[in-house]
Amino acid sequence: MIVKKNGMCAIKYTQIIKHVLNCKPEHRLLKYTPVGERNDLFLKKLQQCCIVFDFSSTNPDNKGIEQKRSTLNELIDYVSNNNGVIFEQVYPESIKLLQSNAVRCLPPIEDNREDFDVDEDEPNYEPNWPHLQLVYEYFLRLLESPDFQPSVCKRYCDQKFVLQIMTLFNSEDPRERDLLKTMLHRIYGKFLGFRAFIRKNINYIFLRFVFENEPFNGIAEFLEILGSIINGFAVPLKQEHKHFLARVLIPLHKPRLMSMYHAQLAYCIVQFVEKDASLTESIILGILKFWPKTNSPKEVMLLGEIEEILDIIEPGQFKKVIQPLFKMLARAVSSPQFQVAERALYFWNNEYIMSLIEEHNQEILPIMFPALYKISKEHWNQTIVALVYNVLKTFMEMNNVLFDELTLSYKAERQKERRREIQREEAWDKVVKRADSTQNSTA
């Protein structure tokens, strides 16, 4: 007769116990180890996993690699599914585990990143990722454990360690940066004393990236963390946060590589507008300051960001930016690059923006009319011409009298331009004839 013990056959259970007792201490499974010995075994396993294997070697230690992978999975399971297993000695050993496996010299970033296509080009993946991923997963489970005590951990977790974590954001492997993002966010939430330090060092990285052209891979991930931080800012905003917006976030619109992080940057900017409407004018003027002249994809992205801001702008703030904003839109709809013109014309499909335009049509229509009328007659793309006709029709319905006045004024101005052009051509003809006659007389 076979006796059942906790859902397991007694014979099999006895075999497991014999195996556990006979194998090396660090090879024993924690869940089959007597409770009094688990803490020591836990520490031994953490120390064992500090050994780093070379995955790029031509002759890798497959047995050791598999054993470490199995041990890391066991540690993750042990911390995740058990209560009261985290004691003080675990913190320094866990930090040492992370430093041994993750902290390293990263390869230099290639100079041809402008040609990198996120959808088509493969990034350089970390060869040690099978172990590195599990190390990060273990440390995250430790941070998220209900038994985790920040006050105890802080004795071993200093600013140098946090800075090491932040430096790893320069890794080219997006999988690593994604886990680092979650880890740094947890550290920011758990350790109140590190918050100002983390924000300050993110600022330094951004400033070097913008003004010293120092390449960095983790800008998007840092901005994603900041998006959550900004969302939690108390109102009214501190002066420190307004300075961060003006001196760090807005200048991030300058680099040509903005496409790699623009979605996260736009989210942060919109968060500031929602927190403090009085910042809207400085934000829009700041973005217009960095408006590209020869970079159409970047122009399309910035038009999308401007529309997001206008979608939540207060009417009083909208009035302050009408002149610079619609002068930019007039140039955008006049662009020979049809994607730029099309994106600018889509503003008139937004109901809230249309309500603001209608309220201030007396000021907006004179700015936009010359560009729209010229495009309707001369643009090469018929889709753009059709969109422009719709916009002109909308303006005509808003203010028929002003529309007719602007039409007559525009036609009269064009006639003056033609007369000036004819006079200029006639003057040049006289110069040419006089030059010819002088040349003939000297001959």
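Structural notes, computed from the coordinates. (Residues numbered from 1 in each chain as written. Predicted model: local features only at pLDDT ≥ 70, side-chain atom pairs only at ≥ 80, totals over all residues. Heavy atoms only, no water.)

## Examining the overall build of the protein chain
Part 1 of the reasoning: Looking only at helices and strands, the protein chain features 21 helices and two strands.
Part 2 of the reasoning: Radius of gyration (C-alpha) of the protein chain: 33 Å, far over the 22 Å computed for a compact globule of 443 residues.
Part 3 of the reasoning: Its C-alpha atoms give the protein chain principal-axis dimensions of roughly 120 × 60 × 50 Å.
Part 4 of the reasoning: Classification of the 443 residues of the protein chain by burial places 46% in the buried group.
Part 5 of the reasoning: Of all intrachain contacts in the protein chain linking residues separated by at least 6 positions in sequence, the fraction that spans at least 24 positions is 73%.
Part 6 of the reasoning: If you sum the accessible surface of the protein chain, you get close to 24400 Å²; carbon and sulfur atoms cover 50% of it. (Helix = DSSP H or I, 4+ residues; strand = E, 2+ residues; numbered from the N terminus. Rg over C-alpha atoms; globule rule 2.2 N^0.38 Å. Buried < 20%, exposed > 50% of the residue type's maximum accessible area, 1.4 Å probe, protein only. Contact = heavy atoms within 4.5 Å. Areas by Shrake-Rupley, 256 points an atom, 1.4 Å probe, with all protein chains shown as cover.)

## Considering a nonpolar patch on the surface
Part 1 of the reasoning: A surface patch of nonpolar side chains, about 290 Å² in accessible area, is lined by Tyr-204, Leu-207 and Phe-211.
Part 2 of the reasoning: Mapped onto the fold, Leu-207 is located in helix 9 (residues 195–211). (Patch = residues over 30% accessible without salt bridge, like charges linked within 9 Å, V, L, I, M, F, W, Y side chains within 5 Å. Salt bridge = Lys/Arg side-chain N within 4 Å of Asp/Glu carboxyl O.)

## Structural notes on the nonpolar core
Part 1 of the reasoning: By size, the foremost hydrophobic cluster in this structure holds 133 residues, and its most contacted members are Leu-249, Phe-326 and Phe-395.
Part 2 of the reasoning: When sequence neighbours within four positions are dropped, the list of residues in contact with Phe-326 reads Phe-318, Trp-348, Ile-357, Ile-364, Ile-367 and Met-368. (Core = buried A, V, L, I, M, F, W, Y, C linked by side-chain atoms within 4.5 Å.)

## Brief notes about the pattern of salt bridges
Part 1 of the reasoning: Tallied over the entire structure, the rule returns 18 salt bridges.
Part 2 of the reasoning: Between Glu-137 and Arg-141 there is a salt bridge; the shortest N-O distance is 3.3 Å. Taken together, the positions of Glu-137 and Arg-141, both in helix 5 (residues 129–144) and four residues apart, correspond to about one turn of that helix.
Part 3 of the reasoning: Lys-242 is the salt-bridge partner of Asp-276, the closest N and O atoms lying 3.7 Å from each other. Here Lys-242 lies in helix 11 (residues 239–249) and Asp-276 lies in the loop between helix 12 (262–275) and helix 13 (280–289), a separation of 34 residues in the sequence.

## Considering helix 2 (residues 35–48)
Part 1 of the reasoning: Spanning 14 residues, helix 2 covers 20 Å between terminal C-alpha atoms, matching the ideal 20 Å at 1.5 Å per step.
Part 2 of the reasoning: All of the buried residues in helix 2 are Leu-41, Phe-42, Leu-43, Lys-45, Leu-46 and Gln-48.
Part 3 of the reasoning: Looking at the packing, one finds that the buried side of helix 2 touches helix 3 (62–81), helix 4 (90–102) and helix 5. (Expected span 1.5 Å × (residues − 1).)

## Some thoughts on the packing of aromatic side chains
Part 1 of the reasoning: Following the criterion strictly, the structure yields 19 aromatic pairs and no others.
Part 2 of the reasoning: When the centroid spacing of 6.0 Å and the interplanar angle of 85° are considered together, the rings of Phe-318 and Phe-326 count as edge-to-face.
Part 3 of the reasoning: On the basis of relative accessible area, Phe-318 is assigned to the buried category, the value being 0%.
Part 4 of the reasoning: Residues Phe-369 and Tyr-410 carry aromatic rings whose centres are separated by 6.2 Å and whose planes lie at 80° to one another, so their mutual orientation is edge-to-face. Residue Phe-369 is found in helix 19 (residues 361–378), and its partner Tyr-410 is found in helix 21 (residues 400–442); the two are separated by 41 residues along the sequence.
Part 5 of the reasoning: The buried category is assigned to Phe-369, whose relative accessible area is 1%.
Part 6 of the reasoning: Under the relative-accessibility criterion, Tyr-410 is labelled buried at 14%.
Part 7 of the reasoning: Put simply, the rings of Tyr-91, Phe-148, Phe-191 and Phe-194 touch in pairs and so form one group of aromatic residues. (Phe/Tyr/Trp six-rings, centres within 6.5 Å; stacked < 30°, edge-to-face > 60°.)

That is the geometry; function is a separate question.
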